[in-house]
Amino acid sequence: MVRDLDDIIIRTCARIMVPFMQVYGLYVFVHGHSSPGGGFQGGCIMAASFILLATAFNIKEAKMRFTEKVNGIFCCLGVFIYAGTGAVAVIFSGNFLDYSRWTNILPTNPVMARYYGMALIELGVQITVMAVMVSIFLDLVTGGSHEEVMKTDD
Amino acid sequence: MIAALNLTFLVFAVIVACAALNVKDLLSAIVLLSAFSFFMCLLWTEMGAVDVAFTEAAVGAGVSTAFFVAAIYNTTRRTKD
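In short, a report on the structure. Note on numbering: residues in each chain are counted from 1, in written sequence order. Think of it this way: whatever chain is written first is A, whatever ligand is written first is 1, and the rest follow in order. Thresholds applied to this predicted model are a pLDDT of at least 70 for local features of residues and 80 or more for the giving and counting of side-chain atom pairs; totals over whole chains, interfaces and linings are not thresholded and use all residues. Side-chain figures throughout are based on the complete set of non-hydrogen atoms in the structure, without hydrogens or water.

**Regarding the overall build of chain A**
Strands are runs of DSSP state E lasting at least 2 residues, helices are runs of H or I lasting at least 4, and numbering of each runs from the N terminus. A count of helical and extended segments in chain A gives six helices and zero strands. Ordered by position in the sequence, the α and β elements of chain A form the string α-α-α-α-α-α. Projected onto its principal axes, the C-alpha positions of chain A cover 55 × 30 × 20 Å. Note on contacts: a residue pair qualifies if any of its non-hydrogen atoms lie within 4.5 Å across the two residues. Considering only intrachain contacts with a sequence separation of at least 6, the fraction spanning at least 24 residues in chain A is 65%. Two residue types count as positive, namely Lys and Arg, and two as negative, namely Asp and Glu; His and chain ends fall outside the count. In this description, the location of a charge corresponds to atom NZ of lysine, CZ of arginine, CG of aspartate or CD of glutamate. Within chain A, the 12 negative side-chain charges are centred at a point lying 6 Å from the centre of the 10 positive side-chain charges.

Okay, here's the thing in structure tokens:
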């Protein structure tokens, strides 16, 4: 996976498949309310698209599109969205993750406020799962030395 | 829910799991474990737990297989025992 595999069929298939996988991950996330799916499965599918990119091309190509810094930011951003959604309810004198308190900010009734609150929670789960799965894969492949791999390849 | 279909998937899952434990080549074991995951996914779909089956297909057959292959890439393909 680190070495260059010069196979035009694999590369072209991966290049065509990756955008569709990412759109499918977003579809699974958005339809998680009414059908099977949700943040975790959608995040896994989006992570699989990056893993496909890293295996079909090489680690360098994948890290050019999704660098280690961005990966770390996404890891924290998902947890921040999740905790922040709960903390806003606490600020408006509710319980933690009591989405109906979002009516103080959003111009909706409590039922729709719960709907949007759950969507935000799922968004946080999706971002964190995607970033952590990609991070685990990159750690396993490179033995935890991405930056050194990139330097030696240059 | 069809009992015969359930039993077929369960028998296949047990066979594939035993093969994954007994095979010497670790890459074959990974592929067999992925097949086990897929049969469990089919079993759960057939029982009506579609959400669990979806998670199993995404994590068990998809991402964890890639993790195991990545682990083998940095270690050895043959077992010591």
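**Notes on the overall build of chain B**
Scanning chain B from terminus to terminus reveals three helices and zero strands. Shown N-terminal to C-terminal, the secondary structure of chain B runs as helices and strands in the order α-α-α. Reported as C-alpha extents along the three principal axes, the dimensions of chain B are approximately 45 × 20 × 10 Å. Nonlocal contacts in chain B, meaning residues at least 24 apart in sequence, comprise 62% of its contacts between residues at least 6 apart. Method for areas: the Shrake-Rupley scheme with a 1.4 Å probe, in which residue coverage is limited to the protein chains shown. Carbon and sulfur atoms provide 75% of the accessible area of chain B, an area that totals close to 4,800 Å². Put simply, chain B has 4 plus and 5 minus side-chain charges, and the middle of one group is 20 Å from the middle of the other.

**Looking at the packing of helix α5 (residues 110-142) of chain A against helix α3 (residues 50-74) of chain B**
Relative to each other, α5 of chain A and α3 of chain B sit at 20 degrees, their axes nearing to 7 Å. For the element pair α5 of chain A / α3 of chain B, the angle class is roughly parallel. Both α5 of chain A and α3 of chain B take part in a crossing whose hand is left-handed. Listed contacts from α3 of chain B to M133, I136, F137, L140, V141 and T142 of chain A of α5 of chain A are V63, A66, F67, A70, A71, Y73 and N74 of chain B. Note on definitions: angles span 0 to 180 degrees between N-to-C directions of axes, and those axes are lines fitted to C-alpha atoms, for helices only across the stretch in contact. Convention used here: angles under 35 degrees read as roughly parallel, angles over 145 as roughly antiparallel, angles from 65 to 115 as roughly perpendicular, and any remaining angle as oblique. Handedness of a helix crossing follows the sense of rotation of the near helix relative to the far helix, less than a right angle counterclockwise being left-handed and clockwise being right-handed.

**Side note on the interface of chain B and chain A**
Counting residues at the interface gives 14 residues for chain B and 19 residues for chain A. Summed over both partners, the accessible area (1.4 Å probe) lost when two parts come together is defined as the buried area. Ranking the residues of chain B by area buried against chain A places F54, F67 and Y73 of chain B at the top, with a combined share of 43%. Here, a salt bridge means any side-chain nitrogen of Lys or Arg that lies within 4 Å of a carboxyl oxygen of Asp or Glu. Counting every contact that joins chain B to chain A gives zero salt bridges. As used in this structure description, the phrase polar contact means that two N or O atoms lie within 3.5 Å; if the pair is within protein, one of them must be able to donate a hydrogen and the other to accept it, and residues adjacent in sequence are counted only when both atoms belong to side chains. On inspection of chain B and its partner chain A, the count reaches five residue pairs in polar contact (both at pLDDT 80 or more). Each residue is assigned to one of three groups, with Ala, Val, Leu, Ile, Met, Phe, Trp, Tyr, Cys and Pro labelled nonpolar, Asp, Glu, Lys and Arg labelled charged, and all others, Gly among them, labelled polar. Grouping the constituent residues of the side of chain B that touches chain A by class yields eleven nonpolar, two polar and one charged.

**A word on the packing of aromatic side chains**
Residue and element names in this part refer to chain A. Any two rings among Phe, Tyr and Trp, with Trp reduced to its six-membered ring, count as a pair given centres within 6.5 Å; such a pair is stacked if its planes are under 30 degrees apart, edge-to-face if over 60, and tilted if neither. Per the counting criterion, the structure on display carries six aromatic pairs over all chains. Here the aromatic rings of Y24 and Y27 are separated by 6.0 Å at their centres, their planes lie at 20 degrees, and the arrangement is stacked. You can see Y24 and its partner Y27 sitting in helix α1 (residues 8-30), three residues apart, about one turn around the helix. The exposure class of Y24 is partly exposed, given its relative accessible area of 39%. For the ring pair Y115 and Y116, a centre distance of 5.9 Å and an interplane angle of 80 degrees mean the geometry is edge-to-face. Members of the aromatic cluster, each reached through a chain of ring pairs, are F50, F66 and F74. The cut-offs for exposure are 20% and 50% of the maximum accessible area for each residue type, with area from a 1.4 Å probe on protein chains only; residues under the lower value are buried, those over the upper are exposed, and the others partly exposed.

**Some points on the nonpolar core**
By size, the foremost hydrophobic cluster in this structure holds 21 residues, and its most contacted members are C44, I51, M133, V134 and F137 of chain A together with V63 and F67 of chain B. Listing elements by their share of this core, those giving two or more residues are α2 (39-56), α3 (59-65) and α5 of chain A together with α3 of chain B. The element contributing the most residues to this core is α5 of chain A, with seven residues. Definition used in this section: a nonpolar core is a set of buried Ala, Val, Leu, Ile, Met, Phe, Trp, Tyr and Cys residues joined via side-chain atoms within 4.5 Å. Of all hydrophobic cores here, the second largest spans six residues; its members include F9, F39, M40 and L43 of chain B.

**Side note on helix α1 (residues 3-22) of chain B**
Residue and element names in this part refer to chain B. Here the expected length of a helix is defined as 1.5 Å per residue gap, with one fewer gap than residues. In this model, α1 (20 residues) spans 29 Å end to end at C-alpha, consistent with the 28 Å of a helix rising 1.5 Å per residue. Those residues of α1 that sit buried are N6, F9, A13, V16 and A20. When α1 is viewed along its axis, its buried side chains cluster within an angular range of 105 degrees and face the same direction. The outward face of α1, more than 90 degrees from its buried face, is lined by the exposed residues A3, A4, L7, I15 and N22. Arc definition: directions from the helix axis to the C-beta atoms.

All we've got here are geometric facts, nothing functional implied.
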